[in-house]
Amino acid sequence: MSKLMSTLSHSIGAALLLLAATSVWAEKPSFNLEIREHLFTPSELRVPANTKIKLWVYNRDSTPEEFESYELNREKVILGGQKAILFIGPLPAGEYPFFGEFNPKSAQGKIIAE
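A. Just the packing of aromatic side chains, in detail. Taken as a whole and assessed by the stated rule, the structure comprises 5 aromatic pairs. For the ring pair Trp56 and Tyr58, a centre distance of 6.2 Å and an interplane angle of 15° mean the geometry is stacked. Measuring from centroid to centroid gives 5.6 Å for Tyr70 and Phe99, while their planes differ by 55°, and the two rings are tilted. Highlighted residues: Tyr70 in the loop between strand E5 (65-69) and strand E6 (74-78) and Phe99 in strand E8 (residues 94-100), separated in sequence by 29 residues. With relative accessibility at 61%, the residue Tyr70 sits in the exposed group. Among the residues examined, Phe99 registers a relative accessible area of 17% and is labelled buried. Connected via pairs of aromatic rings, a cluster forms that spans Phe40, Phe67 and Phe98.

B. How the structure looks around a nonpolar patch on the surface. A cluster of nonpolar side chains, namely Val77, Leu79 and Phe102, defines an oily patch on the protein surface of about 280 Å² accessible area. Its location among the elements puts Phe102 in the loop between E8 and strand E9 (108-113). Overall, Phe102 belongs to the partly exposed group, its relative accessible area being 42%.

C. Geometry of the pairing of strand E7 (residues 83-88). Burial of E7 is one-sided: the residues Ala84, Leu86 and Ile88 facing one way are buried, the residues Lys83, Ile85 and Phe87 facing the other way are not. By the bridge criterion, 6 bridges tie strand E4 (residues 53-59) to E7 in an arrangement that is antiparallel. Residue pairing across strands places Val57 opposite Ala84, the latter belonging to E7.

D. Spotlight on the sheet that holds E5. Reading across from one edge, E3-E9-E8-E5-E6 is the order of the 5 strands in this open sheet, with mixed pairing throughout. Edge positions in the open sheet fall to strand E3 (44-47) and E6, since each of these has one partner strand only. The average angle at which neighbouring strand axes cross in this sheet is 20°, direction not considered. With 5 bridges connecting them, E5 and E6 associate as antiparallel partners. Within E6, the residue paired with Glu66 across the bridge is Val77.

E. Structural detail: the pairing of E8. Bridge count for E5 against E8 is 2 bridges, and the pairing is antiparallel. Looking at the pairing, Phe67 lines up with Gly100 of E8.

F. A look at the sheet that holds strand E1 (residues 30-36). Within the open sheet, the 4 strands sit side by side as E2-E1-E4-E7. Their pairing is mixed. Each edge of the open sheet carries a strand with a single partner, namely strand E2 (39-41) and E7. Each strand of the sheet is rotated relative to its neighbour by a mean of 25°, with strand direction disregarded.

About the thresholds
- Residues numbered from 1 in each chain as written.
- Predicted model: local features only at pLDDT ≥ 70, side-chain atom pairs only at ≥ 80, totals over all residues.
- Heavy atoms only, no water.
- Phe/Tyr/Trp six-rings, centres within 6.5 Å; stacked < 30°, edge-to-face > 60°.
- Helix = DSSP H or I, 4+ residues; strand = E, 2+ residues; numbered from the N terminus.
- Buried < 20%, exposed > 50% of the residue type's maximum accessible area, 1.4 Å probe, protein only.
- Patch = residues over 30% accessible without salt bridge, like charges linked within 9 Å, V, L, I, M, F, W, Y side chains within 5 Å.
- Areas by Shrake-Rupley, 256 points an atom, 1.4 Å probe, with all protein chains shown as cover.
- Salt bridge = Lys/Arg side-chain N within 4 Å of Asp/Glu carboxyl O.
- Pairing = 2+ DSSP bridges.
- Axes fitted to C-alpha atoms, helices over the stretch in contact; angles between N-to-C directions.

As structure tokens, then:
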């Protein structure tokens, strides 16, 4: 009987570990943002409030750009022709502006959490 209990205990433990790992690694909602001709597209990105998201930023220009946001507490240089991933949130409902540090007059946008 103890061998059966030991096997059952290990099986339950393995199942709980798998369940915990699955919830930790569960895929976050993913959104795309492009930099093209020193502009962010889309310039307004709507995301779910109170949810951690994965933001893919693709720099389609040949020159580097820096994604910068004081409100999001994020800055990331993305080389020309490269992409970067930023994890953001969870954010309360609201607007969170961002800009391109190297082209601040043209590269502007905002994330709207709703």
